[in-house]
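For reference, the chains in residue letters:
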Amino acid sequence: MSFLKEFKDFAVKGNVVDMAIGVVIGTAFGKIVSSLVSDIIMPVVGFLTGGVNFYDLKFIIKESIGDAPAVTINYGNFIQTTVDFLIIALCIFCVIKAMNSFKKKEKPAPEKPAQTPPDIVLLTEIRDLLKK
């Protein structure tokens, strides 16, 4: 099978389209959750921790000199991103769990009764004839 034919079979089967739709929806979902975290959850957490704004949390390694900006480690932004990730992971887990519960549980196919070998069938017929 040629490379182009294999690629065409892969692309036409819908796997690529399904993946693309998943990426687009995932990106939009990520933006929604990021907004939820930064605009709703983190202000409440900041209020509960005494008015801390997590975006402003940073270690200053070197102060700004003239036009050169300060060198900082922005750990508050890291906390924000970590909370985003945890909420997105929780939401995806819940969605997959719900989808799995809706999926019909496949019943195993009933086993076919084992067929009696022809020599046993012949011997059974001979036995039955002898009984008569």
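Worth saying up front: this structure is predicted, and the values here are computed from it rather than measured.

Chemist: Would you explain the overall build of the protein chain in this entry?
Modeler: The secondary structure content of the protein chain amounts to four helices and two strands. Counting helices and strands in the order they occur from the N terminus, the protein chain gives α-α-β-β-α-α. In summary, the protein chain has a C-alpha radius of gyration of 33 Å against a globular reference of 14 Å for 132 residues, an excess of more than 25%. In terms of its C-alpha atoms, the protein chain occupies a principal-axis envelope of roughly 115 × 50 × 25 Å. Each of the 132 residues in the protein chain was classed as buried or not, and the buried ones make up 9%. Put simply, 38% of the contacts in the protein chain that link residues at least 6 apart link residues at least 24 apart. In the form shown here, the protein chain has an accessible surface area of approximately 11700 Å², with 69% of it arising from carbon and sulfur atoms. In the protein chain, 15 side chains carry a positive charge and 13 a negative one; their mean positions are 10 Å apart.

Chemist: Before we go on, may I ask you to explain the domain arrangement of the protein chain in this structure?
Modeler: The figure often quoted for interface size is the accessible area lost as the parts come together. Assigned domains of the protein chain: these are domain 1 (1-41) and domain 2 (53-131). Domain 1 and domain 2 are separated by 17 Å when their C-alpha centres are compared. Taken together, the contact pairs eight residues of domain 1 with eight residues of domain 2. For the pair domain 1 and domain 2, the summed buried surface comes to about 590 Å²; carbon and sulfur atoms form 79% of the total. Looking only at domain 1, the three residues that lose the most surface to domain 2 are Phe29, Val33 and Val37, adding up to 61% of its buried area. Inspection of the region where domain 1 meets domain 2 yields zero salt bridges. If you look at where domain 1 meets domain 2, you find zero residue pairs in polar contact (both at pLDDT 80 or more).

Chemist: Looking at this structure, how should I read the UniProt feature "transmembrane region" (unreviewed entry) in the protein chain?
Modeler: In the numbering used here, UniProt assigns the feature "transmembrane region" (unreviewed entry) to residues 75-96. A distance of 31 Å separates the end C-alpha atoms of residues 75-96, which is 100% helix and 0% strand.

Conventions we followed
- Residues numbered from 1 in each chain as written.
- Predicted model: local features only at pLDDT ≥ 70, side-chain atom pairs only at ≥ 80, totals over all residues.
- Heavy atoms only, no water.
- Helix = DSSP H or I, 4+ residues; strand = E, 2+ residues; numbered from the N terminus.
- Rg over C-alpha atoms; globule rule 2.2 N^0.38 Å.
- Buried < 20%, exposed > 50% of the residue type's maximum accessible area, 1.4 Å probe, protein only.
- Contact = heavy atoms within 4.5 Å.
- Areas by Shrake-Rupley, 256 points an atom, 1.4 Å probe, with all protein chains shown as cover.
- Lys, Arg positive; Asp, Glu negative; His and termini not counted.
- Charge placed at Lys NZ, Arg CZ, Asp CG, Glu CD.
- Domains from an automatic or database assignment.
- Buried area = accessible area lost by both parts, 1.4 Å probe.
- Salt bridge = Lys/Arg side-chain N within 4 Å of Asp/Glu carboxyl O.
- Polar contact = N/O pair within 3.5 Å; in protein donor to acceptor, adjacent residues only side chain to side chain.
- UniProt positions renumbered as here; feature names shortened; annotations may be inferred.

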